[in-house]
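# Structural characterization, general
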Amino acid sequence: MGKVKVLIANNQTEVKIPVGIRMLVRRCCHAVGEYEKFEDDFEVSVSFVNDEQIHRLNLKHRNIDRPTDVLSFPLGEDGVYDVNHETGACLLGDIVISLETAYRQAEVYGHSLEREVGFLTVHSMLHLLGYDHEESSLQERIMREKEEAILGDLGISRDETFIGEHEHKE
């Protein structure tokens, strides 16, 4: 696999970003590229936002009037990507994660924020590479299997990241 450049911006102040989250996002992007045998250099932009910001984006780009956990904005189609003319890297697109929603979902699902952000990053990366779970139940199943396999390779599989009752922090 080629070089991977992940640009990360924190555009929110509601959730303190835990140490290691940025590295986790980079590892997830790299792992998806490896898993999918993406041979070229590629770049991805990841932005952390709040619920209000992602709500506006969801309304503007998907006509859905509510916040969501993650949005993907691919810059390619059918395996053809825009290219950074300075580096020659494929520009896969942008990932936008609501840390407020990710934090709440981690609580609801009983796992760590790291697991939730890892899942959202992997999920969104697969969208940037052309997968679409809204297309069919088969596509959804394929995406879920790939997500869990990649997260397992990273050591943040569903089975390994649940927070036990004694570990829960108030």
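Residues numbered from 1 in each chain as written. Predicted model: local features only at pLDDT ≥ 70, side-chain atom pairs only at ≥ 80, totals over all residues. Heavy atoms only, no water.

## Focus on the pairing of strand β5 (residues 80-83)
- Inspection of the sheet shows strand β4 (residues 76-77) paired to β5 by 2 bridges, in the antiparallel sense. Paired with Gly76 across the bridge in β5 is Tyr81.
- Once β4 ends, the chain turns through 2 residues before running back antiparallel as β5, passing Asp78 with a positive phi of about 55°.
- Judged from the 2 bridges that link them, β5 and strand β6 (residues 90-98) form a sheet pairing that is antiparallel. The partner of Asp82 across the bridge, within β6, is Leu91. (Pairing = 2+ DSSP bridges. Helix = DSSP H or I, 4+ residues; strand = E, 2+ residues; numbered from the N terminus.)

## Observations concerning the environment of Tyr131
- Considering the arrangement of structural elements, one finds Tyr131 in the loop between α4 (113-128) and α5 (137-153).
- The sequence separation of Tyr131 and Met143 amounts to 12 residues, and the corresponding C-alpha distance is 7.0 Å.
- Discounting residues that sit within four places of it in the chain, Tyr131 has contacts with Glu36, Leu126, Gln139, Ile142, Met143 and Lys146.
- In terms of polar contacts, Tyr131 uses its side chain to reach the side chain of Lys146, at 3.2 Å. (Contact = heavy atoms within 4.5 Å. Polar contact = N/O pair within 3.5 Å; in protein donor to acceptor, adjacent residues only side chain to side chain.)

## Some details on the side chain of Thr121
- Here Thr121 shows up in helix α4.
- Excluding anything up to four places from it in sequence, Thr121 contacts Val25, Cys28, Cys29, Ile95 and Ile97.

## Focus: the state of the cysteines
- Under the definition given, this model contains 0 disulfides.
- In this structure Cys28 is a free cysteine whose sulfur lies 6.9 Å from that of Cys29, the closest cysteine sulfur available.
- Residue classification places Cys28 among the buried residues on the basis of a relative accessible area of 0%.
- On the basis of relative accessibility, which here comes to 0%, the residue Cys29 falls in the buried class. (Disulfide = S-S within 2.5 Å. Buried < 20%, exposed > 50% of the residue type's maximum accessible area, 1.4 Å probe, protein only.)

## Regarding unusual backbone geometry
- Phi angles above zero are rare outside glycine, and Lys37 is one such case at about 55°.
- The topology assignment puts Lys37 in the loop between α1 (21-35) and β2 (42-49).
- For Lys37, a relative accessible area of 62% translates into the label exposed.
- Despite not being glycine, Asp78 shows a phi value in the positive range, around 55°.
- Positionally, Asp78 belongs in the loop between β4 and β5.
- On the accessibility criterion, Asp78 (76% relative accessible area) is exposed.

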